[in-house]
Amino acid sequence: MRLTALFLFLSTTLCTLAQEKVLRIGILRDRTFRNVLVMSQRGVCTVFADGERKGEIQVNDGLRVDLSGKSLVAKSLNLSVTAKERIELVPRMETSGLRLRLPESKLAERTYPGGITITVEGNNLRLTNAVPIEAYTAGVVQAEAGKEHRQEYYKMQAVSCRTYALCNVRKHAPEGFELCDGVHCQVYHGACRQDSITMAVEATKGMVMVDADIKLIHALFHSNCGGETMNAEDLWSKREPYLRSTVDEYCRQEPHATWQRTFTRKEWVGYLEKRFNVKSADRQALEPLLNYEPTCRDIFMGNTTHRVPLKHVREDLKLKSTFFSVTTTGEQVVLNGRGFGHGVGLCQEGAMHMARAGKNYTDILRHYYTDVHLVDVNSLDFFRDEDPSTGSAGPKR
Ligand SMILES: [Zn+2]
Ligand SMILES: [Zn+2]
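Description of the structure in this document. Quantities reported herein were computed from a predicted structural model and do not represent experimental measurements. (Residues numbered from 1 in each chain as written. Chains lettered and ligands numbered in written order. Predicted model: local features only at pLDDT ≥ 70, side-chain atom pairs only at ≥ 80, totals over all residues. Heavy atoms only, no water.)

1. Concerning the coordination of the zinc ion (ligand 1)
- For the zinc ion (ligand 1), the full set of protein donor atoms is H172 (NE2), C180 (SG), H184 (ND1) and C185 (SG), at a range of 2.0 to 2.3 Å.
- Considered as a linear motif, the donors of the zinc ion (ligand 1) on their single chain read H-x7-C-x3-H-C. One end of the pair, H172, is in the loop between α3 (151-167) and β13 (179-180); the other, C185, is in the loop between β13 and α4 (195-203), with 13 residues separating them in the sequence. Comparing H172 with C185, the two get one shared label, buried. (Donors = N, O, S within 2.8 Å, 3.2 Å for Na, K, Ca; no water. Helix = DSSP H or I, 4+ residues; strand = E, 2+ residues; numbered from the N terminus. Buried < 20%, exposed > 50% of the residue type's maximum accessible area, 1.4 Å probe, protein only.)

Pasting the structure below:
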C-alpha cells in the first residue's frame, strides 16, 4: 500500500509541476501615504476594483491611485475607476511585475514581482504584494545577504529564507497578510536584480529544511558565534533538537570574531551590586566576577554563589555577545569578547568562510543545524497531513 502511494507520489511529482505558492507581503507599512503610482513592468496589467475586472493598463501607462474621502480613486490614460475597499493590479504575464512610486515621497522607484493590492486603513493607503515564493526568496536574499558572496553562500541563504518564510506565514495573520518587508520578518525591497542570486534560488528551487518530525525549522542565524554556537534552550528556554551547540572553527578570523569593552572598577562593581546584589565587601562573591575566563560558552558568569546570567549582562551593557572574559588590573576592568549576536543557529561569517573554502551549501547548513533534512516543499504534504506552517511560534531570529 505504502509502495503504491510512493509510486503515485513520484509519478505525480515527475509528471506535473506543483503550483508555486504565492505569499502576501505587507510592503512599505512603516510609511504613511495617500497616493501611489503603479506601472506594469512588462506586458499589460489587469485592474480590479473591489474584486470586479475594470480594464487594463498598457506597459507605458501608469495607474495613479488616490485616497479621496474614504474611497479609492484610480486613473490612467484610458481608465477611471473608483473602489470602496480595494484596487488590485495583476500583470498578465506570470513572470512580470509592477513598478511602484510614491509621488509624495523621496522613495526611489521599486519593482515588485507579481501583483499589488491597494487598500485603505484609516487615512492612509496600504499595499500588499502577492508574490510567488521563489521571486520573494530572491528579493530577500538580495536585501539580506548583500553583494559579492560565493554562489554556495547564496544557495544556503535561499534555503534559509524560504524556510523562514514558510515557517512564519501566520506572523501577520490579524493584519490580513503573511509577512512584512522589514527586519521584523525578512527585509524585502522587491525584485532581485542580481543574476548570481537568481541562479542560486533557481538551483535550490522549493528546497526547505525540516527536522526529524518533518517540521519546518526555525532557521535562526547571527553574525559571528565566536567559535562556538549555543543551544537554543540556553537562551530562550525552549529546546530545539536542531539548534545545538557546535564548535565552529570557520569564523575565528572573521571581522566580528572579537570585541573589547573597558569599564572602571567602580562602574563594574557598581553594576554587579545594583543589578545582582553582589556586595562589594564580599570578596568571595566578587572575585570570580572581576577575573573570569570561560572555557566554553557559559550561561552564568563565574563560579559564584550569585547567579549572574550572561544574557542579562549582555542586554544591560549592550555587549556584542555573551561570550567574554573579564580581567581586572588596578582600577580598570577589561571585557574581551568573542563573536557578535545571540549565537544560536547559523553563524553567518563562519558560513561565508565555509563557502570561500569550497564547501557546498548543504555542508554549511548541516554544520550549523543538527540532523536536518533538505526536502522539496511540495513533498511536505505527502509526508504528513498537517499544515506546513505548524510551529510558527518561537523565538525571533
Ligand atoms: Zn513582520
Ligand atoms: Zn562561528
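2. Topic: the sheet that holds strand β2 (residues 35-40)
- Taken together, six strands build an open sheet; the order of strands is β7-β6-β5-β2-β9-β10 and the sheet is antiparallel. Lying at the two open borders of the sheet, with one neighbouring strand each, are β7 (80-83) and β10 (110-113). Adjacent strand axes in the sheet meet at a mean angle of 25° when their direction is disregarded.
- Relative to strand β9 (residues 97-101), β2 is paired through four bridges, and the arrangement is antiparallel. Residue pairing across strands places V38 opposite L100, the latter belonging to β9. (Pairing = 2+ DSSP bridges. Axes fitted to C-alpha atoms, helices over the stretch in contact; angles between N-to-C directions.)

3. Describing the packing of aromatic side chains
- Across all of its chains, the model carries seven aromatic pairs by this definition.
- Ring centres of Y136 and Y188 lie 5.1 Å apart, and the angle between their planes is 55°; on these two criteria the pair is classed as tilted. Of this pair, Y136 sits in helix α2 (residues 133-145) while Y188 sits in the loop between β13 and α4, and the two are 52 residues apart along the sequence.
- Residue Y136 is classed as buried on the basis of its relative accessible area, which comes to 1%.
- Exposure remark for Y188: the relative accessible area of 0% places this residue in the buried category.
- Taking the centre distance of 5.8 Å and the plane angle of 90° together, the rings of Y271 and F276 count as edge-to-face. Both residues of the pair, Y271 and F276, belong to the buried class. (Phe/Tyr/Trp six-rings, centres within 6.5 Å; stacked < 30°, edge-to-face > 60°.)

4. As for helix α7 (residues 283-290)
- All of the buried residues along α7 are A285, L286, P288, L289 and L290.
- Buried residues belonging to α7 abut α6 (265-276) and β17 (324-329). (Contact = heavy atoms within 4.5 Å.)

5. Some thoughts on the environment of A74
- Tracing the backbone through its elements, the reader meets A74 in strand β6 (residues 71-75).
- Residue class for A74 comes out buried when judged on its relative accessible area of 0%.
- C-alpha separation for the pair A74 and N35, spaced 39 residues apart in sequence, amounts to 9.5 Å.
- With residues near it in sequence (within four places) discarded, A74 still touches L63, R64, V65, L79, S80, V81 and I87.

6. Description of the pairing of β6
- Here β6 shows a clear split, with L72 and A74 buried on one side and none of S71, V73 and K75 buried on the other.
- Pairing of strand β5 (residues 62-68) with β6, which is carried by five bridges, proceeds in the antiparallel orientation. Its bridge partner lying in β6, R64 is registered against K75.
- Counting the residues in the hairpin turn of β5 and β6 gives two residues, including G69, whose phi is positive at 65°.
- Of the pairings in the sheet, the one linking β6 to β7 comprises four bridges and is antiparallel in character. When the sheet's bridge partners are listed, K75 is paired in β7 with S80.
- In sequence, β6 turns back onto β7 through a hairpin of four residues.

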